[in-house]
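Read off the chains here:
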Amino acid sequence: MNPPDHTQIPIDRLSMVRTITDMPLRSISFPRVTIGSLPEIVLLDIFEFYIKAAGCTHQWHVLVHVCQIWRYLVFASPQRLNLQILCSTTTPVKRLLYVWPRHLPIFVSNFEQHSRGPVVDDIVAALEHRDRVCRIDIDAISDDEFGPLFTVMQEPYPALTDIRLGVWFRRGLVPSLTDTFLGGSVPQLKSLTIYGIPFPALPKFLLGSHALVSLELWSIPYTGYIPPEAMVKSLSTLTHLEHLLIVFESATAFPDQISRYPPLSTRVVLPALTHLTFRGISEYFEDFAVRIDTPLLHIGLLDIRFCFNQDVLDIPHSIDFINRAEKPEITHLKLAEMSFEHNYAAISLYVERGDYRVDGFSIRAECRALDREISYLTQMCNQLSTFLVGVEQLDLRQDIFWLQQDDIDSAQWLDLFRLFPSVRALRIAPVLQPLIAPVLGGLTEEMIMEVFPALHGLHISKVASSGQFLGTDPIVSFTTARQLSDHPVALHDWTCWIRS
């Protein structure tokens, strides 16, 4: 059989569909059509849809066992159908590689199964076919299994485009990936994800991986620490990089002191970067952010989470970096959300369109005491003051399972609230109401218009048994004082807003 010539099949499928859908149902004749009468180009369309809908590339196995014609069509279109041989912990790898055509690329995966013995041997056997391996996804392995896999991956993999490698079950120190990992560089590599494995040789590796589109470094341990200036230098050649994630294992993953280098005269431009996630200490991101420019990075795709080693929060370069990101007009940032959780506090800003929150960004500070959370949020909001000028809705949230009722000085809350002069709607989570209601109710006549001067609506909870608003006495004191100042505030049920 000759290969199908798609140019000789004059089928305008779109026009055909439009013609049929425009006809009355009764006037349409439905001739009986068997699958064997379909043109090869239509069969390929069906095959492609089936494989994509299945969500896994190895579903082509089903197709090639139907008949010889389908088998021929599938193997004649390896690129269109993205044919790959899956070598996993559930397949007989050594036999499988000699059954299917030798030219098909290999996808090596352990499907997140933690096993011993023959399973690791099968994965190693697949990795030894270095000229055919196109994807590697080995995750959730233990440190004692990592040794044999690391040993076999010391030579080049010229066809490799995606690799994900992670160690979740650590009993001791995980061996570091050295400069011989994958032969030192992978020119065709598009995606690199490393979890919990030290890779101090990463800067050198990246200099030879120019095609990289996605780089994710999860749970970077202390032994894998890379200084910010070295990280930026290694990223400078990645002109196609769109997605960057840098997450450190903990605050202990950093040296005792990160040296602050003076800002460079020229920043390194990452021209394609659109997504950035960082979790680590603020000093590292400060030294990192001052060195880069990201003209396509949208503020809505920026996620920064800091853990702090000091009480004073000083992040001028981070704020400047946010200001340089592509973003909506600052006056369009109408919604702010402050979260007080059991291990972090966060400020998030959004543009609200209908029932959706879009174009938002968030900065988190890891801490566990409520007074420190309020202090960090106040310092962050002070430095984000230019972003708060248009905020009209403020949501205060707290983890419902974290019922910490610390005695917080009301002055701390007031310092935070004064940073939102344009807020018209204030929504307070039920868990926070016993803490915040006395603060609002205790405002003196002179202070009543210093805190939330534009406020029109207050959303709080009602007591289910009585239907009365929670914390009625201080809330009544607050609303009465606002009424007397000729700036009334209406009360609304928090649960009604939750349902909407």
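### Quick word on the overall build of the chain
Phase 1 of the analysis: Broken down by element type, the chain carries 16 helices and 18 strands.
Phase 2 of the analysis: Relative to its 500 residues, the chain shows a buried fraction of 48%.
Phase 3 of the analysis: Expressed as a percentage of contacts within the chain between residues at least 6 apart in sequence, the contacts between residues at least 24 apart total 74%.
Phase 4 of the analysis: Counting only carbon and sulfur atoms, one obtains 56% of the accessible surface of the chain, whose full area is about 24200 Å².

### Section: empty space enclosed by the protein
Phase 1 of the analysis: What the rule picks out here adds up to two cavities of 30 Å³ or more.
Phase 2 of the analysis: Around the largest cavity sit Ile194, Tyr195, Gly196, Ile197, Phe199, Leu202, Leu217, Trp218, Ile220, Pro221, Gly224 and Ile226, which together line it.
Phase 3 of the analysis: For the lining of the largest cavity, the secondary structure elements donating two or more residues are strand 5 (191-195) and strand 6 (214-220).
Phase 4 of the analysis: For the lining of the largest cavity, the element with the highest residue contribution is strand 6, accounting for three residues.
Phase 5 of the analysis: When the residues that make up the lining of the largest cavity are grouped by side-chain class, the tally is ten nonpolar, two polar and no charged.

### Section: the pattern of salt bridges
Phase 1 of the analysis: Tallying each qualifying case throughout the model produces 15 salt bridges.
Phase 2 of the analysis: One salt bridge connects Arg418 with Glu450, and the closest N-O pair in it is separated by 3.5 Å. Note that Arg418 is positioned in the loop between helix 13 (410-417) and strand 16 (425-428) and Glu450 in the loop between helix 14 (433-441) and strand 17 (457-460), a separation of 32 residues in sequence.
Phase 3 of the analysis: With a relative accessible area of 32%, Arg418 lands in the partly exposed category.

### Let's talk about the packing of helix 10 (residues 282-289) against helix 11 (residues 316-324)
Phase 1 of the analysis: Packing of helix 10 against helix 11 brings their axes to within 8 Å, and their N-to-C directions diverge by 50°. What the angle tells us is that helix 10 and helix 11 run oblique. Crossing geometry of helix 10 relative to helix 11 is assigned as left-handed. Between helix 10 and helix 11, the residues in contact are Phe285, Glu286 and Ala289 and Pro316, His317, Ser318, Phe321 and Arg324, respectively.

### What about the environment of Ser219?
Phase 1 of the analysis: Within the secondary structure, Ser219 sits in strand 6.
Phase 2 of the analysis: Taking the C-alpha atoms as reference points, Ser219 and Trp168, separated by 51 residues in sequence, lie 9.8 Å from one another.

### Quick notes on the confidence of the model for the chain
Phase 1 of the analysis: Predicted confidence across the chain gives a mean pLDDT of 81, with 77% of residues reaching 70 or more.
Phase 2 of the analysis: When the criterion is pLDDT under 50, residues 3-11 qualifies, and its contacts beyond four places in sequence or with other chains add up to eleven contacts.

### A few points about the side chain of Glu283
Phase 1 of the analysis: By the element assignment, Glu283 lies in helix 10.
Phase 2 of the analysis: Reaching out from Glu283, the side chain makes a polar contact with the side chain of Ser282 at a distance of 3.5 Å.

### Quick notes on the layout of surface pockets
Phase 1 of the analysis: Computed from the structure, the largest pocket encloses a volume of approximately 190 Å³.
Phase 2 of the analysis: Lining the largest pocket we find 16 residues, and of these Val247, Phe248, Glu249, Arg279 and Glu366 sit closest to its centre.
Phase 3 of the analysis: Of all the secondary structure elements, the ones that give two or more residues to the lining of the largest pocket are strand 6, strand 7 (243-248), strand 9 (275-281), strand 11 (302-307) and strand 14 (356-366).
Phase 4 of the analysis: Residue composition of the lining of the largest pocket, grouped by class: seven nonpolar, four polar and five charged.

### Topic: the pairing of strand 9
Phase 1 of the analysis: Extensive coverage of strand 9 is indicated by the burial of five of its seven residues.
Phase 2 of the analysis: Pairing of strand 7 with strand 9 involves five bridges; the strand directions are parallel. Across the sheet, the residue bridging to Ile246 is Phe278, located in strand 9.
Phase 3 of the analysis: The pairing of strand 9 with strand 11 spans six bridges and is classified as parallel. When the bridges of strand 11 are listed, Leu276 appears paired with Leu302.

### Here we look at the pairing of strand 2 (residues 106-109)
Phase 1 of the analysis: A two-sided burial pattern is seen for strand 2, the buried positions comprising Ile106 and Val108 on one face and Phe107 and Ser109 on the other.
Phase 2 of the analysis: Note: strand 1 (residues 85-87) against strand 2, three bridges, orientation parallel. Residue pairing across strands places Leu86 opposite Phe107, the latter belonging to strand 2.

### Focus: the packing of aromatic side chains
Phase 1 of the analysis: Scanning all chains against the criterion turns up 19 aromatic pairs.
Phase 2 of the analysis: When the centroid spacing of 5.8 Å and the interplanar angle of 70° are considered together, the rings of Trp60 and Phe75 count as edge-to-face. Pair noted here: Trp60 is in helix 3 (residues 60-64) and Phe75 is in helix 4 (residues 68-75), with a separation of 15 residues, a long-range link. By the burial criterion, Trp60 is buried, and Phe75 matches it.

### Considerations on helix 9 (residues 228-235)
Phase 1 of the analysis: Within helix 9, burial applies to Pro228, Met231, Val232, Ser234 and Leu235. Buried residues of helix 9, viewed axially, fall in a sector of 165°; they line one side.
Phase 2 of the analysis: On its buried face, helix 9 is in contact with helix 8 (202-206), strand 6, strand 7, strand 8 (268-269), helix 10 and strand 10 (292-293).

### What to know about the packing of helix 9 against helix 10
Packed helix pairs are characterised by how far apart their axes lie and by the angle those axes make with each other.
Phase 1 of the analysis: Remark: helix 9 packs on helix 10, axes separated minimally by 9 Å, with the N-to-C direction vectors making an angle of 40°. Relative to helix 10, the element helix 9 lies oblique. Here the hand of the crossing between helix 9 and helix 10 comes out right-handed. Counted together, Pro228, Glu229, Met231, Val232 and Leu235 of helix 9 and Tyr284, Asp287 and Phe288 of helix 10 form the full contact between these two elements.
Phase 2 of the analysis: Taken together, the residues that form the contact of helix 9 with helix 10 break down as six nonpolar, no polar and two charged.

### Points about unusual backbone geometry
Phase 1 of the analysis: We note that Ser219 has phi near 50°; this positive angle belongs to a residue other than glycine.
Phase 2 of the analysis: Overall, Ser219 belongs to the buried group, its relative accessible area being 10%.
Phase 3 of the analysis: Residue Asp486 is not a glycine yet carries a positive backbone phi of 65°.
Phase 4 of the analysis: Looking at the element boundaries, Asp486 is found in the loop between helix 15 (472-484) and strand 18 (490-493).
Phase 5 of the analysis: On the accessibility criterion, Asp486 (64% relative accessible area) is exposed.

Calculation rules
- Residues numbered from 1 in each chain as written.
- Predicted model: local features only at pLDDT ≥ 70, side-chain atom pairs only at ≥ 80, totals over all residues.
- Heavy atoms only, no water.
- Helix = DSSP H or I, 4+ residues; strand = E, 2+ residues; numbered from the N terminus.
- Buried < 20%, exposed > 50% of the residue type's maximum accessible area, 1.4 Å probe, protein only.
- Contact = heavy atoms within 4.5 Å.
- Areas by Shrake-Rupley, 256 points an atom, 1.4 Å probe, with all protein chains shown as cover.
- 1 Å grid on protein atoms, 1.4 Å probe; cavity = no way out; pocket = protein on both sides within 12 Å on 5 of 7 lines; lining within 4 Å.
- Points joined across faces, edges and corners; volume = space filled by probe spheres on them.
- Nonpolar A, V, L, I, M, F, W, Y, C, P; charged D, E, K, R; others polar.
- Salt bridge = Lys/Arg side-chain N within 4 Å of Asp/Glu carboxyl O.
- Axes fitted to C-alpha atoms, helices over the stretch in contact; angles between N-to-C directions.
- Parallel < 35°, antiparallel > 145°, perpendicular 65-115°, else oblique.
- Left-handed = near helix turned anticlockwise from the far one by under 90°.
- pLDDT = per-residue confidence, 0-100.
- Polar contact = N/O pair within 3.5 Å; in protein donor to acceptor, adjacent residues only side chain to side chain.
- Pairing = 2+ DSSP bridges.
- Phe/Tyr/Trp six-rings, centres within 6.5 Å; stacked < 30°, edge-to-face > 60°.
- Arc of directions from axis to C-beta.

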